[in-house]
Amino acid sequence: MLPNTGKLAGCTLFITGGSRGIGKAIALKAARDGANIVIAAKTASPHPKLPGTIYTAAQEVEAAGGKALACVVDIRDEQQIGEAVEKAVSKFGAYTMAKYGMSMCVLGMAEEFKGQIAVNALWPRTAIQTAAMDMLGGDGIGKQCRTADIMADAAYAVLSQPKDYTGQFLVDEDVLKKEGIRDFDPYAVQKGHPLLPDFFLDEAPDDLVEKMEEHGATPAFKPPSSSSAPPSAGGPIESTFEVIKGVINEDVVKSTQGIYQFDLSGEHAGVWFLDLKSGAGSVGHGEPSVKADVIMKMDSSDFSKMFAGKLKPTMAFMSGKLRIKGDMTMAIKLEKLMGRMNKAKL
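Residues numbered from 1 in each chain as written. Predicted model: local features only at pLDDT ≥ 70, side-chain atom pairs only at ≥ 80, totals over all residues. Heavy atoms only, no water.

Identification of the chain as Hydroxysteroid dehydrogenase-like protein 2 from Takifugu rubripes is taken from an unreviewed UniProt entry. What the UniProt record of the chain gives under Sequence similarities (unreviewed entry) is the line "Belongs to the short-chain dehydrogenases/reductases (SDR) family." (UniProt positions renumbered as here; feature names shortened; annotations may be inferred.)

S.K.: Is there a simple way to explain the overall build of the chain in this structure?
M.R.: When you go through the chain residue by residue, the secondary structure sums to 13 helices and 11 strands. Going through the 346 residues of the chain one by one, you find that 42% of them count as buried. Looking at the chain alone, contacts between residues at least 24 apart form 68% of all its contacts between residues at least 6 apart. Just so you have it, the chain exposes about 17,900 Å², and 52% of that area is on carbon and sulfur atoms. (Helix = DSSP H or I, 4+ residues; strand = E, 2+ residues; numbered from the N terminus. Buried < 20%, exposed > 50% of the residue type's maximum accessible area, 1.4 Å probe, protein only. Contact = heavy atoms within 4.5 Å. Areas by Shrake-Rupley, 256 points an atom, 1.4 Å probe, with all protein chains shown as cover.)

S.K.: Please clarify how the packing of helix α1 (residues 21–31) against helix α6 (residues 149–159) should be interpreted in this entry.
M.R.: Contact pair α1 / α6: the axes reach a minimum separation of 8 Å and the direction vectors enclose 50 degrees. The angle between the axes of α1 and α6 places the two elements in the oblique class. Crossing geometry of α1 relative to α6 is assigned as right-handed. Contact with α1, carried on its side by Ile22, Ala25, Ile26 and Lys29, involves Met151, Ala152, Asp153, Ala155 and Tyr156 of α6 and no other residues of that element. (Axes fitted to C-alpha atoms, helices over the stretch in contact; angles between N-to-C directions. Parallel < 35°, antiparallel > 145°, perpendicular 65-115°, else oblique. Left-handed = near helix turned anticlockwise from the far one by under 90°.)

S.K.: Would you take a moment to explain the packing of aromatic side chains for this structure?
M.R.: Any two aromatic rings considered together are summarised by their centre-to-centre distance and by the angle between their planes. Considering all chains together, one arrives at 8 aromatic pairs under this definition. Plain terms: the ring middles of Phe241 and Trp272 are 4.7 Å apart, the flat faces sit at 10 degrees to each other, and that makes the pair stacked. Of the two residues, Phe241 is situated in helix α9 (residues 236–247) and Trp272 in strand β8 (residues 270–276); the sequence distance between them amounts to 31 residues. Note on accessibility: Phe241 and Trp272 belong to one class, buried. Between Phe241 and Phe303, the ring centres sit 5.4 Å apart and the planes meet at 20 degrees, which makes this aromatic pair stacked. (Phe/Tyr/Trp six-rings, centres within 6.5 Å; stacked < 30°, edge-to-face > 60°.)

S.K.: I tried to follow the nonpolar core on my own but got confused; where do I start?
M.R.: Inside soluble globular proteins, nonpolar side chains tend to come together where they are buried. Leu13, Ile37, Ile39, Val61, Ile150 and Leu176 are the most contacted members of the largest nonpolar core, which has 35 residues in total. Of all elements in the fold, only β1 (12–16), α1, β2 (36–41), α2 (54–63), α6 and α7 (172–178) reach the threshold of two or more residues within this core. Tallying contributions element by element places α6 first for this core, with 8 residues. In this structure Val61 touches Ala27, Leu28, Ala31, Ile37, Ile39, Gly66, Lys67 and Ala68, once residues within four positions along its chain are discounted. Judged by nonpolar contacts, the second largest core, of 27 residues, contains Ile244, Val247, Tyr260 and Met330. (Core = buried A, V, L, I, M, F, W, Y, C linked by side-chain atoms within 4.5 Å.)

S.K.: Help me understand the confidence of the model for the chain in this model?
M.R.: Atom-level detail of predicted coordinates should not be read off regions where pLDDT is low. Scored by pLDDT, the chain has a mean of 81; 79% of the residues are at 70 or more. Ignoring residues within four places in sequence, the model shows residues 96–101, a span with pLDDT below 50, making 17 contacts including any to other chains. Below pLDDT 50 for its whole length, residues 211–233 participates in 43 contacts with residues either more than four positions away or in separate chains. (pLDDT = per-residue confidence, 0-100.)

S.K.: Even after reading the chapter, I still don't get the pairing of strand β3 (residues 67–72), so can you show me in this structure?
M.R.: Where a strand is regular, its side chains alternate between the two sheet faces. Where β2 lies against β3, 6 bridges are found, and the strand directions are parallel. Bridge pairing in β3 places Val38 opposite Leu69. Of the crossover connections in this fold, the one passing from β2 over α2 to the parallel β3 is right-handed. (Pairing = 2+ DSSP bridges. Right-handed = clockwise from strand over helix to strand, strands pointing away.)

S.K.: I tried to follow a positive patch on the surface on my own but got confused; where do I start?
M.R.: A cluster of basic residues, Lys291, Lys297, Arg323 and Lys325, forms a positive patch at the surface. Position of Lys291 among the secondary structure elements: in the loop between β9 (282–285) and β10 (294–299). (Patch = residues over 30% accessible without salt bridge, like charges linked within 9 Å, V, L, I, M, F, W, Y side chains within 5 Å. Salt bridge = Lys/Arg side-chain N within 4 Å of Asp/Glu carboxyl O. Lys, Arg positive; Asp, Glu negative; His and termini not counted. Charge placed at Lys NZ, Arg CZ, Asp CG, Glu CD.)

S.K.: Teacher, can you tell me more about the environment of Thr166 here?
M.R.: Turning to its location among the elements, Thr166 is positioned in the loop between α6 and β6 (169–171). Sequence spacing of Thr166 and Ala118 is 48 residues, and the spatial spacing of their C-alpha atoms is 4.7 Å. In this structure Thr166 touches Ala110, Ile117, Ala118, Val119 and Asn120, once residues within four positions along its chain are discounted. A polar contact of 2.9 Å, which involves the side chain of Thr166, links it to the backbone nitrogen of Val119. (Polar contact = N/O pair within 3.5 Å; in protein donor to acceptor, adjacent residues only side chain to side chain.)

S.K.: Whenever I open this one, the packing of α1 against α2 confuses me. Can you help?
M.R.: Packed helix pairs are characterised by how far apart their axes lie and by the angle those axes make with each other. Where α1 meets α2, the closest approach of the two axes is 8 Å, and the angle between their N-to-C directions is 25 degrees. For the element pair α1 / α2, the angle class is roughly parallel. Relative to α2, α1 is oriented so that their crossing is right-handed. Contacts between α1 and α2 involve Lys24, Ala27, Leu28 and Ala31 on the former and, on the latter, Ala57, Glu60 and Val61. Its residues assigned to classes, the contact of α1 with α2 comprises 5 nonpolar, no polar and 2 charged. (Nonpolar A, V, L, I, M, F, W, Y, C, P; charged D, E, K, R; others polar.)

Shown next, in the form of structure tokens:
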């Protein structure tokens, strides 16, 4: 574990999503140095399933030795962000560091704020256990994860760098190795258990499978298999779309307003569409007559499992089973339709 050095004493961190998980772990790590922490998150009242609010996180920060400011912030709301920044400046002075969920902006922001604020992106090497991960992954997912402490330590090391250390895309394990950390077992939820890789890193699925199997693990995913066989309109996929057809209606179309294309590989390879933008909705084999808002690519067997409620869409995406191109909000809306299908006992 990386020890605190006091380098962040008096510094101000504006942390979005700081009420729980990785964000809160980073806040507490910096607080032990005596840093000022702005907890900017949406949860002001207790959530029925997720622990913590901005106020309980602020209390923990102050108990750890830091100073805290709790702000209700939805990062999609520019006005709320502006108001939170003004409050932070009023209480602590100009803030010098920030953690945002927008790593694609790193290069541009690093150039724009060069010499003023360092802007870097930090990713975990493995899955990290958080309340959200427990909800998405179900029972048993935790033992395949590391704790949020590894991200807190890595963030601490990055935030302790001078302002000219900017524009970097970093991985927690690599950062800590440079700090002299060689033993990563203390970060594991269950020491010695094979870890689930973080699938947002730029690594081929085949390589991830091989690495996990080398350590005696059974991967929770396999790369989608390619198939040169012609598309088949029969079998389980057709049955799935028949059930979809039976649960869609004008209300579903009105609340969704999206067109989906499914590019399926494997035993029942083929292209299908789901139109939830016009009329009472429709399904069919082949590409939609107009451009799809979102294209989903996956193995046909996983597609059937997903719509039957046996595979959670978020975990399918995180594990590499599902690849999404286009409007992510439309992909999220599709989960509601899956709930209707489960009631229909697919």
